[in-house]
Amino acid sequence: MWWIYAVLSAFFAALTAIFAKIGIANINSNLATGIRTIVIVIMIWLIIFSRGEQKSITALTKHHVMFLLISGIATGLSWIFYFKALQLGKASQVAPIDKLSVALTIILAAVFLKETLTIKTIIGACLIIAGTVVLIFE
């Protein structure tokens, strides 16, 4: 079932790039990121409250909160740079280059989470990196 969610994530990420490119025309990319963030915050809290999931907030530890805050900062920085790149570049180049994060995640997961690298994973990461290089220097 996880792969269905992953495919849906990829589909909506693709739509995000297209709609964002249209939406940031002639406006500040940080303003665009802020508007997008407000929509996301409202949407996710509506989902949380509609499903009663806010009750589990008491289960959060300092460890959870610390890493979720750090993750939030990383997400915010990613969005700021992504929107600026979209504003300045082509969506068909920016979005695939942004997906270099997949290869970087594979490497970081091996280093910090001690996840096992298989030959397929290594080849896949190398192909993603090679594709990114091709797109940058086209």
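Reading the values: the criteria
- Residues numbered from 1 in each chain as written.
- Predicted model: local features only at pLDDT ≥ 70, side-chain atom pairs only at ≥ 80, totals over all residues.
- Heavy atoms only, no water.
- 1 Å grid on protein atoms, 1.4 Å probe; cavity = no way out; pocket = protein on both sides within 12 Å on 5 of 7 lines; lining within 4 Å.
- Points joined across faces, edges and corners; volume = space filled by probe spheres on them.
- Helix = DSSP H or I, 4+ residues; strand = E, 2+ residues; numbered from the N terminus.
- Nonpolar A, V, L, I, M, F, W, Y, C, P; charged D, E, K, R; others polar.
- Salt bridge = Lys/Arg side-chain N within 4 Å of Asp/Glu carboxyl O.
- Buried < 20%, exposed > 50% of the residue type's maximum accessible area, 1.4 Å probe, protein only.
- pLDDT = per-residue confidence, 0-100.
- Patch = residues over 30% accessible without salt bridge, like charges linked within 9 Å, V, L, I, M, F, W, Y side chains within 5 Å.
- Areas by Shrake-Rupley, 256 points an atom, 1.4 Å probe, with all protein chains shown as cover.

*Asks:* Run through the layout of surface pockets, naming residues and quoting values.
*Replies:* If you add up the space inside the largest pocket, you get close to 880 Å³. In terms of lining residues, the largest pocket is bounded by 28 residues, among which Phe12, Ala13, Thr16, Arg36 and Ile40 are the most central. The set of elements that each furnish at least two residues to the lining of the largest pocket consists of α1 (2-23), α2 (29-50), α3 (62-88) and α4 (91-98). Counting residues per element, the lining of the largest pocket draws most heavily on α1, at ten residues. Grouping the constituent residues of the lining of the largest pocket by class yields 20 nonpolar, five polar and three charged. Taken as a whole, the second largest pocket holds about 200 Å³ of empty space. Along its surface, the second largest pocket is lined by Ser78, Asp98, Ser101, Leu104, Thr105, Leu108, Ala109, Phe112 and Leu113. Per-element tally for the lining of the second largest pocket: the top contributor is helix α5 (residues 100-112), with six residues. Its residues assigned to classes, the lining of the second largest pocket shows five nonpolar, three polar and one charged.

*Asks:* Describe the pattern of salt bridges, listing the residues and the values that go with them.
*Replies:* Considering all chains together, one arrives at two salt bridges under this definition. Linking Glu53 and Arg51 is a salt bridge whose minimum nitrogen-to-oxygen distance equals 2.9 Å. Under the relative-accessibility criterion, Arg51 is labelled exposed at 62%. We note a salt bridge from Asp98 to Lys99, for which the minimum N-O separation is 3.3 Å. Judged by relative accessible area, which is 25%, Asp98 ranks as partly exposed.

*Asks:* Pulling in residues and values, what's your account of the confidence of the model for the protein chain?
*Replies:* Taken as a whole, the protein chain shows an average pLDDT of 93; of its residues, 99% reach a score of 70 or greater. Summarising per-element confidence for the protein chain, the mean pLDDT is lowest in α4 (88) and highest in α2 (95).

*Asks:* Explain a nonpolar patch on the surface to me, and be specific about the residues and the numbers.
*Replies:* A cluster of nonpolar side chains, Val41, Met43, Ile44, Trp45, Ile47, Phe49, Ile57, Leu60, Val65, Leu68 and Leu69, forms an exposed patch at the surface whose accessible area comes to about 1000 Å². In this structure, Leu68 sits in helix α3.

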